[in-house]
Amino acid sequence: MSSETSSQSPVPSQPGGEPRKPRVAVVFGGRSSEHGISVVTAGAVLRAIDRDKYDVLPIGITHDGRWALTADDPERMAITDRTVPDVDRLAESAAGAVVLPLDPANREVVVTEPGSVPKALGEVDVVFPVLHGPYGEDGTLQGLLELSGTPYVGSGVLASAVGQDKEYMKRVFTSFGLPVGPYVVIKPREWETDPAAARKKIVGFAGDHGWPLFVKPARAGSSFGITKVDSLEGLDEAIEEAQRHDPKIIVEALLRGREIECGVLEFEDGPRASVPAEIPPVSDHAFYDFEAKYIDSASGIVPAPLTEEQTAEVQRLAVEAFEAASCEGLVRADFFLTEDGRFVINEINTMPGFTPISMYPRMWQESGVSYPELVDRLVQAALRRPIGLR
């Protein structure tokens, strides 16, 4: 797929009327279990963003939710010795805090230090939030940015929330006629008040759809907290593991087939789909889990070995999923190609991994959009987008 050059947004002006480069705040880290992968993603974005075109301000969010200035040093944001990086180690100060304005007429970012006068860091024109999981990818940060009147990369409040909650994501897709696999949800109150009844509900589901089942946190990503359960014996342990990440869990039936992914990117004329990729079975892993994705660097096949008809179908479904959830900017849509030849959508990711080995940028690279152009297109789409209801 060829890609035309992205259009330049209106250039902001300095107080004297002189044009200046748009300023991009790359926000990363956060309070979810995907903190480290968010830092790795930020490092890749900081390495790729065009410094001749944009000023860049890296802002990390620590595990406890403090916003902190960090060094603009992508090399320190990589996985080393099987260890993911951490904002607490990258922060320039152990106590200082970055504050975004909540006044839509003022986009000036301020940093505070205990016992010191707050220091203005200048205006931010667009936020690139590369957070994954709750408290960042789920609409919470997007709501804050909407209140402040600050443009940002990616989906809005509703789409981000839908994309984070696997139950409501599937409900939305079903209402739009998109094919989803069998699932059952156990909400926190169900497990707390009557675990025997909740367990019976899952066993009944297994009776209808068979073992194994996948027990997952309903609102987590990067395969954290997911367990493949082969029998009733491992169920309670799997539920406990999932609830370490989210008190609400979702249990899904096994779909036998191939794992296919497809990227969607917002162009000037609307969303388009990338070439799809295939995630082959991973040796030494029960499924495509966190270790396989990021530590052992399991490789996907790009483009996926599909027929022309299959490729067109999965691309169509990916764009339909993007539109059904009211997404903006980007999405990675994950599917199963079942043994009987049907595509079933597993989930969407409204801020997919952007690490150098992540599938989303690899699919677009194969589609003719380089990593730096991908970053630029996302920033430009955010700058074009009107503030407020749209």
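Model, not experiment: these values are computed from the prediction.

Caption draft 1: Spotlight on the sheet that holds strand E3 (residues 67–69). Here we have four strands laid out as an open sheet, ordered E3-E2-E1-E7, and mixed in their pairing. Each end of this open sheet is capped by a strand with a single partner; those strands are E3 and strand E7 (126–129). When the angles between neighbouring strand axes are averaged without regard to direction, this sheet yields 30 degrees. Summarising the sheet, strand E1 (residues 23–29) and strand E2 (residues 55–61) pair through seven bridges and their orientation is parallel. By the bridge assignment for E2, Val24 is matched with Val56. In the packing of helix H1 (residues 35–48) onto the sheet, the strands contacted are E1, E2 and E7, and the crossing angle to E1 comes to about 155 degrees. Where helix H12 (residues 371–384) meets the sheet, its contacts fall on E1 and E7, and the angle it forms with E7 comes to roughly 130 degrees.

Caption draft 2: Seen up close, helix H3 (residues 140–148). Where H3 is concerned, the buried positions are Leu141, Gln142, Leu145 and Ser148. Down the axis of H3, the sector holding all buried residues measures 125 degrees, keeping them to one side. Looking at the buried positions of H3, the neighbouring elements they touch are E3, E7 and helix H4 (157–164). With its phi angle positive at about 70 degrees, Gly149 sits one or two positions after the end of H3.

Caption draft 3: Here's a closer look at the nonpolar core. Counting residues in hydrophobic clusters, the biggest one holds 34 residues, and the most contacted among them are Val26, Phe28, Phe128 and Phe354. Residue assignment for this core shows that the elements contributing at least two residues are E1, H1, helix H2 (87–90), E7, strand E12 (257–267), helix H11 (359–366) and H12. By residue number, the principal contributor to this core is H12, which donates seven residues. Counting 28 residues, the second-largest nonpolar core is a separate cluster that includes Leu178, Phe322, Ala325 and Phe335.

Caption draft 4: Looking closely at the side chain of Arg20. Structurally, Arg20 is set in the segment before E1. Residue classification places Arg20 among the buried positions, given a relative accessible area of 16%. Looking at Arg20, its side chain comes within polar contact range of the side chain of Asp125, at 2.7 Å.

Caption draft 5: Representation of the pattern of salt bridges. Taken as a whole and judged by the stated rule, the model has 29 salt bridges. Between Glu347 and Lys166 there is a salt bridge; the shortest N-O distance is 3.9 Å. Of this pair, Glu347 sits in strand E16 (residues 343–349) while Lys166 sits in helix H5 (residues 166–175); the two residues are 181 residues apart in sequence, bridging distant segments of the chain. Each member of the pair Glu347 and Lys166 is classed as buried. One salt-bridge network, in which partners are shared between bridges, spans Glu146, Glu328, Arg385 and Arg390.

Caption draft 6: Focus on the layout of surface pockets. Here the second largest pocket defines a volume of roughly 260 Å³. If you trace the second largest pocket, you find 17 residues lining it, with Pro134, Tyr135, Arg219, His245 and Asp246 closest to the centre. Looking at the lining of the second largest pocket, the element that brings in the most residues is H4, giving three residues. Grouping the constituent residues of the lining of the second largest pocket by class yields seven nonpolar, four polar and six charged.

Analysis parameters
- Residues numbered from 1 in each chain as written.
- Predicted model: local features only at pLDDT ≥ 70, side-chain atom pairs only at ≥ 80, totals over all residues.
- Heavy atoms only, no water.
- Pairing = 2+ DSSP bridges.
- Helix = DSSP H or I, 4+ residues; strand = E, 2+ residues; numbered from the N terminus.
- Axes fitted to C-alpha atoms, helices over the stretch in contact; angles between N-to-C directions.
- Contact = heavy atoms within 4.5 Å.
- Buried < 20%, exposed > 50% of the residue type's maximum accessible area, 1.4 Å probe, protein only.
- Arc of directions from axis to C-beta.
- Core = buried A, V, L, I, M, F, W, Y, C linked by side-chain atoms within 4.5 Å.
- Polar contact = N/O pair within 3.5 Å; in protein donor to acceptor, adjacent residues only side chain to side chain.
- Salt bridge = Lys/Arg side-chain N within 4 Å of Asp/Glu carboxyl O.
- 1 Å grid on protein atoms, 1.4 Å probe; cavity = no way out; pocket = protein on both sides within 12 Å on 5 of 7 lines; lining within 4 Å.
- Points joined across faces, edges and corners; volume = space filled by probe spheres on them.
- Nonpolar A, V, L, I, M, F, W, Y, C, P; charged D, E, K, R; others polar.

Such coordinate-based values are descriptive only and should not be taken to indicate function.
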